[in-house]
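Working through the structure, step by step
The primary structure of each chain is shown beneath.
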Amino acid sequence: SSSTTTPSSSSSTTTPSSSSSTTTPSSSSSTTTPSSSSSTTTPSSSSSTTTPSSSSSTTTPSSSSSTTTPSPSTSVTPSLPSSTSSSLSTTSMYVPPANCTIPEGGDRVVIDLSEYVVIQDEPVSAENEQFIDIGNRKKFGEKIAVLYFDIDAALKDNGLEPKDIAVTDSRINFRVAKDESDNDDDFTPGRPVIFPLAEEYDPDSTWKQPWELGDGPIEELDYLTYSTVKFNKINRKPKLNFWIQGISTQLVRYFLTETIYRKNNNGFILRYVTESGADASHFISLDSPEFMDPEFRPFMDICFLPVEPPSPCEEEGGRIVRYYFSADTFIAKDSIVHGDDKHILVGNSGWDGNARTLLDFDMSSIPDGITLLPDIPNPVTIRLWYEGAEKAKPYNDPRQIDRKLSVHEVLESWKESQATNIYRLKSGNSGTKWNKPMMEKGTDYNGDIIDSYTIQDGQSPTNVYLNITTLFEKWLDNKASAKGVLIKDSLHENVPGYFLKFASLNHPDPTKRPYLEVCQEKKTCEPVDDPEPTQIVDEFGCVSEMNVTLNVCVAKNGGCETDSILNYGNMYHSGVTAFWHGNHELKTFCKCCIDKKVKIKKVMMDCFNVPSKEDYEKEYHYVEECECTECKEVTQSRKKRSAPSKTRLLLKSALKNLLRN
């Protein structure tokens with residue numbers, strides 16, 4: 001083996017290799033790459049690179065100098081040196097994959113690829129357990145990998161639950177192996193892409209099963225595109241070994257969120273997708289979990305912040321319910337409507353002046369009769385996702401300072417599609433103005449501060465909670481009075497600096513969108529007695545000699561609602577209570593609160609005014625216990641035919657061709 005070194009002005013980053021060692025410059029700081037062997041340090045003129053052990057999922061504590069950048073969306077592909085180069089030289093220009101960025105006060109979990117299987121269309125080619133092959137080539141069928149990263153197990157190994165963390169960054173890493181095949185065909189540029197599976201990972205997957213059409217996985221049938229992980233582009237036949245990386249932040253947030261946007265981690269499809277959309281011309285080999293050198297095996301890492309709930313709701317016997325805002329916007333001196341923006345802003349940029357955020361809530365979405373859990377702090381909070389500071393363009397003041405978010409009640413109605421710094425409602429050239437530009441205290445909004453939260457200079461992305469319990473209770477008493485809230489900087493609003501940027505209702509990552517978190521009493525399905533004892537009258541007209549207490553089963557606080565719809569991801573749509581799922585079973589989400597246990601009681605019936613009817617003793621039911629039962633049980637599974645008909649095969653073939661085209 002040999003060693004080639006390129007000088008660096010600030011630090012060195014070492015790319016491990018099974019046969020040779022190549023050191024490539026890094027422009028800013030040392031890079032940490034997990035390894036399953038032992039921790040080693042490579043000396044450098046200014047800094048060193050440490051390779052920690054990753055033989056099992058581990059948590060790396062945050063260092064004091066760690067900083068966080070806003071979490072990228074799934075459309076972001078990491079940029080590594082020469083990833084867009086038209087050629088690859090015999091000297092590696094690829095650096096080891098950068099670890100996810102640990103936020104200040106956060107941690108990192110490393111997850112090994114636990115399970116995988118490579119499937120191939122006919123005709124098949126030879127397999128090597130050292131590598132995961134994906135792609136295509138002449139005379140052979142396409143190869144696709146089916147993967148599973150056990151995220152839940154990795155978190156539990158580190159004493160974590162999904163509700164305890166907010167994911168800020170996540171990445172998946174594979175090392176591409178040198179192509180030593182005899183394939184001289186022109187290389188088709190493209191990139192590996194990960195797609196989430198629609199159904200649970202099956203270790204016995206083949207090209208024929210468990211796919212919907214029985215002929216390989218099909219997009220939107222067997223795997224989904226709501227969030228994907230795109231790796232670095234590969235332009236030429238690999239002539240050396242190098243790492244590729246994909247940003248998986250949004251996908252992991254889908255798996256771990258406690259909101260209605262949660263998706264099941266069913267596993268993944270990994271396939272090679274060409275730039276042109278044509279079939280690939282080569283197989284791309286990636287080091288597998290069985291690769292001889294553990295240092296180069298695939299892994300995922302997740303960086304996160306610990307989440308401290310605003311109230312001990314569940315510990316005190318309550319349940320957390322999240323309600324989403326109906327409108328949001330921010331107003332600034334630009335007189336532009338920002339209701340469709342991906343972010344809402346608070347603060348002062350200098351050039352663009354100050355900005356204030358408006359949030360509105362549709363109280364009709366709150367069920368009648370909900371009860372807040374008593375005697376706990378902060379039962380109703382606004383939750384915002386802070387993404388960092390934002391400077392105006394053009395920018396003329398570099399200062400970033402502490403800003404204090406303060407919540408105020410809005411007193412006038414407004415619309416997110418019309419509200420600006422001048423108008424709260426507008427149609428054409430006419431409209432209704434705020435009493436004063438940027439809203440007037442006392443008339444457009446209540447000057448009393450309901451709650452506040454300070455964002456410090458340089459603070460990392462995080463959840464922000466603002467307690468509005470008193471205002472929410474006022475809205476419950478008079479829903480028509482709910483006109484939303486104003487969030488402004490009450491500390492340095494007139495001091496130029498940066499805007500504070502928060503995810504809006506239009507943010508591409510729905511797990512970051514603002515919502516109202518309410519701690520309610522637990523939902524129940526229980527017997528409720530009639531207010532007053534009553535006299536029973538039978539079908540003949542006989543009446544009971546004494547009044548009796550009757551009761552019925554009643555669902556309270558959302559009782560008999562079901563969370564099972566969350567397990568079906570994009571197959572569920574608001575307002576739909578039933579659908580056929582992937583296994584051809586009709587799923588319903590309607591439940592009823594009915595009696596489970598009754599006590600038989602008796603009362604004497606007086607039939608004095610009923611001809612030819614003697615007095616008698618009548619039985620009646622008194623409910624002692626209730627239960628939630630599905631209004632319609634799951635129907636019998638529709639079994640697939642063991643020998644498909646010719647018509648069915650023709651329809652499958654036509655659908656397959658249509659999807660491919």
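Residues numbered from 1 in each chain as written. Predicted model: local features only at pLDDT ≥ 70, side-chain atom pairs only at ≥ 80, totals over all residues. Heavy atoms only, no water.

1. Some details on the overall build of the protein chain
Spelled out, the test is: The helix count covers DSSP runs of H or I at least four residues long, the strand count covers runs of E at least two residues long, and both are numbered beginning at the N terminus. In this scheme, a residue with accessible area under 20% of its type's maximum is buried, one over 50% is exposed, and one in between is partly exposed, where area comes from a 1.4 Å probe on protein chains only. Residue contacts follow a heavy-atom distance rule, with two residues in contact if any of their heavy atoms lie within 4.5 Å. All accessible-area figures derive from a Shrake-Rupley calculation using a 1.4 Å probe, and residue coverage is judged against the displayed protein chains alone.
Tallying secondary structure elements over the protein chain gives four helices and 37 strands in all. In the protein chain, which comprises 661 residues, the share counted as buried stands at 47%. Within the protein chain, counting contacts between residues at least 6 apart in sequence, those at least 24 apart form 77% of the total. Taken as a whole, the protein chain presents about 31,800 Å² of accessible surface, with 47% of it coming from carbon and sulfur.

2. Section: the pattern of salt bridges
Note the cut-off: Throughout this description, the term salt bridge denotes a Lys or Arg side-chain nitrogen within 4 Å of a carboxyl oxygen of Asp or Glu.
Tallying each qualifying case throughout the model produces 19 salt bridges. Between Asp489 and Arg403 there is a salt bridge, with the nearest N and O atoms lying 2.7 Å from each other. In this pair, Asp489 sits in strand β28 (residues 485–489) while Arg403 sits in strand β23 (residues 403–409), placing the two residues 86 residues apart along the sequence. Take Asp489: its relative accessible area is 1%, and that puts it in the buried class. Residue classification places Arg403 among the buried residues on the basis of a relative accessible area of 0%. Where salt bridges share partners, they join Glu127, Asp133 and Lys143 into one cluster.

3. Describing unusual backbone geometry
Geometrically, the link from Glu122 to Pro123 is a cis peptide bond, its omega value of -5 degrees lying close to zero. Within the element layout of this structure, Pro123 appears in the loop between β8 (115–120) and β9 (131–137). The residue after Gln209, namely Pro210, is reached through a cis peptide bond having omega 10 degrees. Counting through the fold element by element, Pro210 comes out in the loop between β12 (190–196) and β13 (229–230). Non-glycine residue Glu220 carries a positive phi angle of around 70 degrees. Among the secondary structure elements, Glu220 is positioned in the loop between β12 and β13. Under the relative-accessibility criterion, Glu220 is labelled partly exposed at 39%.

4. Notes on the packing of aromatic side chains
Here is the rule we go by: By convention, a stacked pair of Phe, Tyr or Trp rings (six-membered ring in the case of Trp) has centres within 6.5 Å and planes under 30 degrees apart, an edge-to-face pair has planes over 60 apart, and any other such pair is tilted. Charge-over-ring placement is defined geometrically: NZ (Lys) or CZ (Arg) within 6 Å of the ring centre, and within 35 degrees of the ring normal.
For the structure on display, the rule yields 17 aromatic pairs. Here the aromatic rings of Phe187 and Tyr272 are separated by 6.5 Å at their centres, their planes lie at 70 degrees, and the arrangement is edge-to-face. Linking Phe187 in the loop between β11 (165–176) and β12 with Tyr272 in strand β15 (residues 268–274), this pair joins segments that are 85 residues apart in sequence. Look at Phe187 and you get buried, because its relative accessible area is 16%. Ring geometry for Phe255 and Phe268: centres 6.0 Å apart, planes at 50 degrees, overall tilted. Here the residue Phe255 occupies a position in helix α2 (residues 249–256), and Phe268 occupies one in strand β15, the gap between them amounting to 13 residues. The residues Phe255 and Phe268 share a single accessibility class, namely buried. Following the ring pairs from residue to residue traces out a cluster consisting of Phe131, Trp243, Phe291, Phe296 and Phe299. Above the plane of the ring of Phe283 lies Lys143, whose end atom (NZ or CZ) is 4.9 Å from the centre. For the cation-ring pair, Lys263 lies above Tyr226, with the distance from its terminal atom to the ring centre recorded as 4.9 Å.

5. Describing the state of the cysteines
Applicable threshold: Two cysteine sulfur atoms make up a disulfide if the distance between them is within 2.5 Å.
What the rule picks out here adds up to five disulfides. The side chain of Cys542 participates in a disulfide bridge whose partner is Cys607; the two sulfur atoms lie 2.1 Å from each other. Across the disulfide from Cys542 to Cys607, rotation about the S-S bond amounts to roughly 115 degrees, and the bridge is consequently right-handed. Of the two residues, Cys542 is situated in the loop between β31 (524–529) and β32 (543–544) and Cys607 in the loop between β36 (591–606) and β37 (616–630); the sequence distance between them amounts to 65 residues. Side by side, Cys542 and Cys607 carry an identical accessibility label, which is buried.

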